[in-house]
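# Commentary on secondary and tertiary structure
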Amino acid sequence: MIGEEGPREEREPLAPVASVVSTDAWLDLISQRPSAVTSKHGRVVVDFAHEDARRHFSPTELHRWGLGVVAAGRAAGSLREHGASIYVPLDGARSPALVGDKGVAIALTVRSDLAGQVMTVLWNEHPIVNLTVGAEWRRRTVSIPLEHAVAGENRLRLHFRKAGAAGGSTADLGLLEVGTTEMIRTSIPAPKVLDVTPRRDGEVNLSLAAGGSLSYYFVPPRRGRLVIEASGEGSLEVLASTDVDHADARAPRQLSQTALRPTGQQLEVDLSGYGGVPTRLELRVRDTRRLDAPGALLKKLEVRARRSIPVDRRKRTPRDIVIFAVEGFRGDELAPERLASGDFPSLSQFRREALSFSVAYAPGAAAVPSHAALQSSVVPAAHLTGTGTFVAQSWTVLAEVLERAGYRTQLVTANPYVSQARGLVQGMGEVQTLTAGPVRNNTATHVVAAALPEEDDRKFPAMSYMVMNDPQAPYDPPKAFLRGLTAPEGAPAQHLTHMWVGRVRRGRDVRAEERRYVRSLYRGELQLVDVALGNTLESLVTSGRLKDAVIVVVGIHGEEFLEHDGAGHGLRLFEESLRVPVLIRAPELLAPGEVSIPVDLLDLAPTLLDLVGIEAPTDWQGRSWVSVIDDPQPPPQIAAASLGDGSFMIRAHDLKLQVGPSVGPDGIRLYDLSLDPGERAPLEAGGGVGMRMMRTAATWHQLEFGRWKRLRWGTAVNLLPAFALDHGM
């Protein structure tokens with residue numbers, strides 16, 4: 001136990017104290033329909049009149065499209081600028097290896113009001129054809145050489161000779177159809193694949209037309225089952241496949257084929273063979289008797305998993321909240337092998353008594369955006385801190401909520417940018433800013449000494465927000481933590497390592513021994529943070545408040561040491577910049593252990609309020625982690641972060657997608673962190689199922705980045721019914 005608190009009274013066991021084993025809904029696929037790829041009679045269909053066509057767009061190009069417009073008497077999508085990309089999956093039965101000599105073709109229904117308009121069609125960046133485009137709607141068909149088609153994601157790029165003036169329409173698009181050459185040569189009426197109707201209970205029914213299919217891309221849970229409640233005519237087929245199947249020319253495996261009954265029935269399909277693997281799941285309706293068959297009516301379409309559902313019996317009462325916020329604190333510094341060195345005794349002990357979120361991300365790669373997102377539970381893009389400005393007073397922050405609930409609130413910061421000018425002291429009853437003078441007096445230990453007096457006789461709970469910036473350049477730890485460390489030739493002086501960071505960013509070559517030396521200085525600064533944490537815990541023991549306090553140790557952002565040729569922080573979306581430690585010690589509320597699913601700091605403030613029994617503001621975007629903490633196999637979660645230039649990353653499962661100007665010329669990178677933790681081998685060229693899942697999630701995420709509410713909409717990989725409802729789908 002940390003510290004000495006004397007005899008402990010007998011208390012109830014750690015919550016939760018009971019569990020009920022059940023097979024519970026893990027993913028509602030009807031709610032995921034905005035992300036489902038639709039097909040009719042074997043061809044992929046993109047209808048630009050509908051909002052859900054965005055699932056086929058690049059997240060960097062959403063601003064180029066206007067969907068649901070009316071052009072020349074037809075509902076369509078309006079393309080602005082000179083061109084855009086449309087991503088089309090060739091998988092399942094459409095994998096090029098299975099298509100063989102049947103060939104691949106597309107049909108595009110298109111028009112333009114611009115005289116002399118010419119459209120260039122490129123497939124996976126290979127020019128295919130130039131076509132003239134007139135003012136009348138025309139269905140244009142184009143054959144795609146099989147050598148240019150890949151199993152998985154294919155990029156159709158349209159480039160127009162003329163662009164509309166001042167954001168006006170360049171061209172209008174109706175339908176895109178992709179299939180075999182034989183299919184595309186046969187024109188079919190504008191297909192309506194699915195329809196959605198509300199029910200009295202607030203849920204929806206999903207009608208899937210005969211000859212139609214929906215393809216979902218997700219990572220099923222281990223020992224998962226697909227539960228379907230359906231009625232109709234014809235047969236309902238469930239097929240599954242993976243990237244390996246597509247690459248090896250194996251047709252999708254038929255998991256189920258069932259004759260539909262007009263009176264309805266419930267089906268269960270075993271998905272256990274696909275647990276933990278990115279999977280394409282296709283739901284297909286066949287009817288060979290007549291063309292106008294009604295198809296299937298789906299009342300339920302859920303992936304379920306056997307889980308232990310805890311009974312939450314936590315006693316929510318006011319408790320002290322101590323937030324130990326460390327700028328520049330990398331998540332890998334709390335890896336077991338690092339803690340085993342003995343350099344961080346306080347962190348090691350705290351880690352044993354806390355709940356650790358081992359895959360946690362800062363919302364930004366710099367201090368101000370991350371502090372702001374943590375305090376306001378609103379993404380940096382919404383309150384403008386991504387570009388270094390401020391949190392508007394219209395946003396409610398954590399300290400204000402606690403102050404209104406009777407808490408004494410306090411901020412002690414070593415970072416002068418955590419200030420009133422930035423909107424980061426709202427609700428703080430006491431504010432102290434420690435500045436470095438001729439003698440350094442704003443270290444982590446100084447922050448703690450200013451924040452936590454040895455004696456404390458107050459009768460009301462307190463929230464103390466302590467900001468430490470020691471593990472940032474200049475890396476200048478006390479000599480006691482250097483242990484004879486010797487600077488190699490050419491290495492910077494400790495107090496000038498901030499200048500070294502600048503030279504690295506300008507392209508200076510750095511030898512391996514120099515990098516190791518600077519990283520050792522950084523670790524020396526973390527040792528000072530460790531001492532400060534020990535002092536914090538000792539102070540709480542002295543004041544008698546440790547046993548009931550909720551204590552959070554959190555990294556505000558990471559720090560780079562040439563993992564990707566960068567140094568410092570603030571400019572990248574890689575793990576070293578964004579992945580941070582999050583440890584919460586809350587006796588009798590949270591059992592010590594580890595949560596290994598992706599989370600981000602947007603949810604930290606709602607979690608703290610949940611633990612002390614205070615309702616979170618309705619304008620917050622985050623949600624409490626408590627349900628995730630209690631769930632042994634939670635539904636898909638997402639972590640997100642952004643930069644001031646509009647770049648952002650999302651992580652779900654082991655997949656991480658980076659999007660935006662800072663990422664590279666094409667603005668998109670996909671990594672599988674289970675295979676490539678160093679983010680060295682991007683997969684976007686052949687990401688297949690995983691790429692499709694993450695890119696679609698990024699599209700929805702980017703569309704509503706500044707106002708996404710997780711409580712109402714879920715996350716971009718686990719949409720709730722309200723998302724489709726609010727977007728007219």
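Structure report, in brief. (Residues numbered from 1 in each chain as written. Predicted model: local features only at pLDDT ≥ 70, side-chain atom pairs only at ≥ 80, totals over all residues. Heavy atoms only, no water.)

## Some words on the packing of aromatic side chains
For the record, the criterion: Only Phe, Tyr and Trp rings are paired, with Trp represented by its six-membered ring, and only when their centres lie within 6.5 Å; those with planes under 30 degrees apart are stacked, over 60 edge-to-face, the remainder tilted. Each helix is a run of H or I in the DSSP string that is no shorter than four residues. Each strand is a run of E no shorter than two, and both are numbered from the N terminus. Only protein chains enter the accessibility calculation, which uses a 1.4 Å probe; a residue whose area is less than 20% of its type maximum is buried, one above 50% is exposed, and one in between is partly exposed.
Taken as a whole, this structure holds 13 aromatic pairs when the rule is applied. Look at F48 and W65: their rings are 5.4 Å apart centre to centre, the planes differ by 10 degrees, and that puts the pair in the stacked class. One end of the pair, F48, is in the loop between strand 3 (43-47) and strand 4 (65-71); the other, W65, is in strand 4, with 17 residues separating them in the sequence. Since its relative accessible area comes to 0%, F48 is described here as buried. For W65, a relative accessible area of 3% puts it in the buried group. With a centroid separation of 4.4 Å and an interplanar angle of 35 degrees, the aromatic rings of F357 and W625 are classed as tilted.

## Looking at the pairing of strand 15 (residues 212-218)
Our working rule: Note on pairing: DSSP must find at least two bridges between two strands before they are called paired.
The buried count for strand 15 comes to seven of seven residues, which makes it a mostly enclosed element. Burial along strand 15 is two-sided: G212, L214, Y216 and F218 and S213, S215 and Y217, pointing in opposite directions, are all buried. Relative to strand 15, strand 2 (residues 37-40) runs antiparallel, the two being bridged by four bridges. The partner of K40 across the bridge, within strand 15, is G212. Inspection of the sheet shows strand 15 paired to strand 20 (residues 279-286) by six bridges, in the antiparallel sense. Along strand 20, the bridge assignment pairs F218 with T279.

## Some thoughts on the sheet that holds strand 33 (residues 593-595)
Note the threshold: Each axis is a line fitted through C-alpha atoms, taken for helices only over the stretch in contact, and angles between the N-to-C directions span 0 to 180 degrees. Contacts are assigned to residue pairs that have any heavy atoms within 4.5 Å of one another.
Taken together, the eight strands give an open sheet; going across it, the order is 26-25-27-22-28-32-23-33, and neighbouring strands pair in mixed fashion. One side of each edge strand has no neighbouring strand; the edge strands of this open sheet are strand 26 (430-433) and strand 33. Averaged over all neighbouring strand pairs, the angle between strand axes comes to 15 degrees, with direction disregarded. Where helix 6 (residues 367-376) meets the sheet, it contacts strand 22 (321-326), strand 27 (462-468) and strand 28 (550-555), and its direction lies at approximately 165 degrees from that of strand 27. Sheet strands touched by helix 13 (residues 604-611): strand 22, strand 28 and strand 32 (582-585). Its angle to strand 28, the strand with the most contacts, is close to 170 degrees.

## Quick word on the layout of surface pockets
The rolling of a water-molecule-sized probe over the atoms marks out the regions of remaining empty space. Short version of the rule: Here a cavity denotes grid points, spaced 1 Å and computed from the protein atoms alone, that fit a 1.4 Å probe unable to get out, and a pocket denotes an open set having protein on both sides within 12 Å along at least 5 of 7 lines; residues with an atom within 4 Å of a point are the lining. Grid points are joined across faces, edges and corners, and a volume is the space filled by probe spheres set on the points. Under the convention adopted here, Pro, Cys and the residues Ala, Val, Leu, Ile, Met, Phe, Trp and Tyr are nonpolar, Asp, Glu, Lys and Arg are charged, and Gly plus all remaining residues are polar.
In this model, the largest pocket occupies a volume close to 770 Å³. The wall of the largest pocket is formed by 32 residues, among which V219, G276, I597, H653 and D654 lie closest to the centre. Elements supplying a minimum of two residues to the lining of the largest pocket: helix 3 (243-247), strand 33 and helix 14 (626-630). If you tally residues by element for the lining of the largest pocket, the top one is helix 14, at three residues. Per-class residue counts for the lining of the largest pocket are 17 nonpolar, seven polar and eight charged.

## Overview of the sheet that holds strand 8 (residues 117-123)
What the four strands build is an open sheet, ordered 6-11-8-9; its pairing is antiparallel. Of all strands in the sheet, those bounded by a partner on one side alone are strand 6 (83-90) and strand 9 (126-133). Going across the sheet, the axis of each strand differs from the next one's by a mean of 20 degrees, ignoring polarity. Taken together, the seven bridges between strand 8 and strand 9 define a ladder with antiparallel strand orientation. Bridged to Q117 within strand 9 is V133. Sheet strands touched by helix 15 (residues 688-703): strand 6 and strand 11 (152-160). Its angle to strand 11, the strand with the most contacts, is close to 55 degrees.

## A look at helix 11 (residues 512-542)
Filter applied, for reference: Expected span of a helix, by definition, is 1.5 Å for each gap between consecutive residues, and there is one gap fewer than residues.
Helix length check: helix 11, at 31 residues, gives a terminal C-alpha distance of 45 Å against a target of 45 Å (1.5 Å per residue), a fit within 8%. Trailing helix 11 by a residue or two, G544 shows a phi angle of about 75 degrees, which is positive.

## With respect to the pattern of salt bridges
Side chains carrying opposite charge are able to pair once their charged atoms draw close together. Definition in use: When a carboxyl oxygen of Asp or Glu lies within 4 Å of a side-chain nitrogen of Lys or Arg, that pair is called a salt bridge.
Tallied over the full model, the rule gives 53 salt bridges. The shortest N-O distance in the salt bridge between E237 and R286 comes to 2.8 Å. One end of the pair, E237, is in strand 17 (residues 235-241); the other, R286, is in strand 20, and 49 residues separate them in sequence. The partner of E302 in a salt bridge is R304, and the shortest N-O contact between them spans 3.0 Å.

## Some details on the environment of S169
Just so we agree on the cut-off: Identification of polar contacts relies on pairs of N or O atoms within 3.5 Å, with a donor-acceptor requirement for protein atoms, meaning one able to donate a hydrogen and the other able to accept it, and with residues adjacent in sequence counted only if both atoms are side-chain atoms.
As for its position among the elements, S169 is in the loop between strand 11 and strand 12 (171-180). The class for S169 is partly exposed, based on a relative accessible area of 34%. With 87 residues separating them along the chain, S169 and H82 place their C-alpha atoms 9.8 Å apart. For S169, the contacting residues outside a window of four places in its chain are S78, L79, L114 and G164. Side chain to side chain, S169 and S78 meet in a polar contact 3.3 Å long. For S169, the side chain forms a polar contact with the side chain of D172, separated by 3.1 Å.

## Describing empty space enclosed by the protein
Tallied over the entire structure, the rule returns seven cavities of 30 Å³ or more. Approximately 190 Å³ is the volume found for the largest cavity. Lining the largest cavity are 16 residues, with Q32, S35, Y217, F218 and M693 positioned closest to its centre. At the level of elements, strand 15 and helix 15 are the ones that each hand at least two residues to the lining of the largest cavity. Split by residue class, the lining of the largest cavity holds 11 nonpolar, four polar and one charged.

## Let's talk about helix 13
With seven of eight residues buried, helix 13 lies mostly within the body of the structure. For helix 13, the complete set of buried residues consists of L604, A605, P606, T607, L608, L609 and L611. Downstream of helix 13 by a residue or two, G613 has a phi angle that is positive, lying close to 80 degrees.

## So, unusual backbone geometry
Residue A473 is joined to P474 through a cis peptide bond whose omega torsion reads 0 degrees. For P474, the location among the structural elements is in the loop between strand 27 and helix 10 (497-505). A positive phi angle, near 60 degrees, is found at A249, a position not held by glycine. The residue A249 is located in the loop between helix 3 and strand 18 (253-259) in this model.

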